[in-house]
Amino acid sequence: MIRIENIHKSFEDKQILRGISGTFEKGKPNLIIGSSGTGKSVLLKCIVGLIPPDEGLVYFDDKEFTHANRDVKTEVRREIGMLFQGGALFDSKTVEQNVMFPLDVLTKMPKGEKLDRVNFCLERVGLAGQNHKMPSEISGGMKKRVGIARAIVNNSQYLFCDEPNSGLDPQTSILIDDLIMEITEEYNITTIVVTHDMNSVLGIGENIMFLYKGKKLWEGNKNDLMNTGVKEFDEFVFANKVMQKLKHL
Ligand SMILES: Nc1ncnc2c1ncn2[C@@H]1O[C@H](COP(=O)(O)OP(=O)(O)OP(=O)(O)O)[C@@H](O)[C@H]1O
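If you're wondering where the values come from, they're calculated on a predicted model, not measured in any experiment.

*Asks:* I would appreciate a short explanation of the site of the ligand in the present structure.
*Replies:* Around the ligand lies a shell formed by Phe11, Ile16, Gly34, Ser36, Gly37, Thr38, Gly39, Lys40, Ser41, Val42 and His196. Counting residues per element, the shell around the ligand draws most heavily on helix α1 (residues 40-48), at 3 residues.

*Asks:* Could you clarify how one ought to interpret the environment of Asn155 in this entry?
*Replies:* Within the element layout of this structure, Asn155 appears in the loop between α5 (140-152) and β7 (158-162). Distance from Asn155 to Lys14, taken between C-alpha atoms, is 38 Å for residues 141 residues apart in sequence.

*Asks:* When you look at the packing of α5 against helix α6 (residues 170-186) in this model, what are you seeing that I'm missing?
*Replies:* How two helices sit against one another is set out by the angle between their axes and by the gap between those axes. Contact geometry of α5 with α6 gives a least axis separation of 10 Å together with a crossing angle of 15°. Put simply, α5 runs roughly parallel to α6. Crossing of α5 over α6 shows right-handed handedness. Contact residues: α5 offers Gly141, Lys144, Ile148 and Ile152, while α6 offers Thr172, Leu175, Ile176, Leu179, Ile180 and Ile183. For the contact of α5 with α6, the class distribution of residues is 7 nonpolar, 2 polar and 1 charged.

The rules behind each value
Residues numbered from 1 in each chain as written. Predicted model: local features only at pLDDT ≥ 70, side-chain atom pairs only at ≥ 80, totals over all residues. Near = placed C-beta within 6 Å. Helix = DSSP H or I, 4+ residues; strand = E, 2+ residues; numbered from the N terminus. Axes fitted to C-alpha atoms, helices over the stretch in contact; angles between N-to-C directions. Parallel < 35°, antiparallel > 145°, perpendicular 65-115°, else oblique. Left-handed = near helix turned anticlockwise from the far one by under 90°. Contact = placed C-beta atoms within 7 Å. Nonpolar A, V, L, I, M, F, W, Y, C, P; charged D, E, K, R; others polar.

Structural data, given as structure tokens:
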């Protein structure tokens, strides 16, 4: 579980995050949604410690992270897996080397053990036997799968996904969403997905936080999103033509 309390962040005189609090639960995907430029990625970066918040606290289970000492930060960071926008694979490394990278950097595991773990993760994401392919030889959807395998290879307890569907067709997006959800449930990890994809919201939106101009305006479940009574949320959700039709059924 991850809990945030009153997160504020400004860049120069521009206030981006204005006091966001909330809980991201274990074992089901937690979505941060909202329109472009509303602060979703900045919030994610504040949570993982890539950007220091100006104010506020971030708890990874019982550990406060933002003001923790170096040892605690290192300990928490070892438990974090990240799936970046666009996959962010190393182009000059094979699929196997990409997935093994966190184990090379963070562990002293013997080579054979690392390979077993890599093969286990590749199999889990449906890429068994693709070890020696280069990123340029695989599709966008496969790259995301490699990214997911790399994010979980170190038995991560926390998984962060920034726009995991960017650049994918709708069908592949659903497969990637389903994979993220299955892995989250299966390994009982805390997963946060940043997205503005309504298909993801409808598919895996168990715990949704809606941001608007740096504030949390609504949170809830995909089953509640038809009648939130929040105007800004409706404008975001029903900008989508499919959603407009559903509302009028
Ligand atoms: N390092 C930075 N320095 C200055 N401004 C920044 C920085 N990072 C983000 N911003 C600004 O913060 C605002 C929110 O950006 P953010 O990337 O969080 O939006 P977002 O909701 O994730 O949008 P999108 O869906 O388009 O990715 C934007 O106006 C952006 O220009």
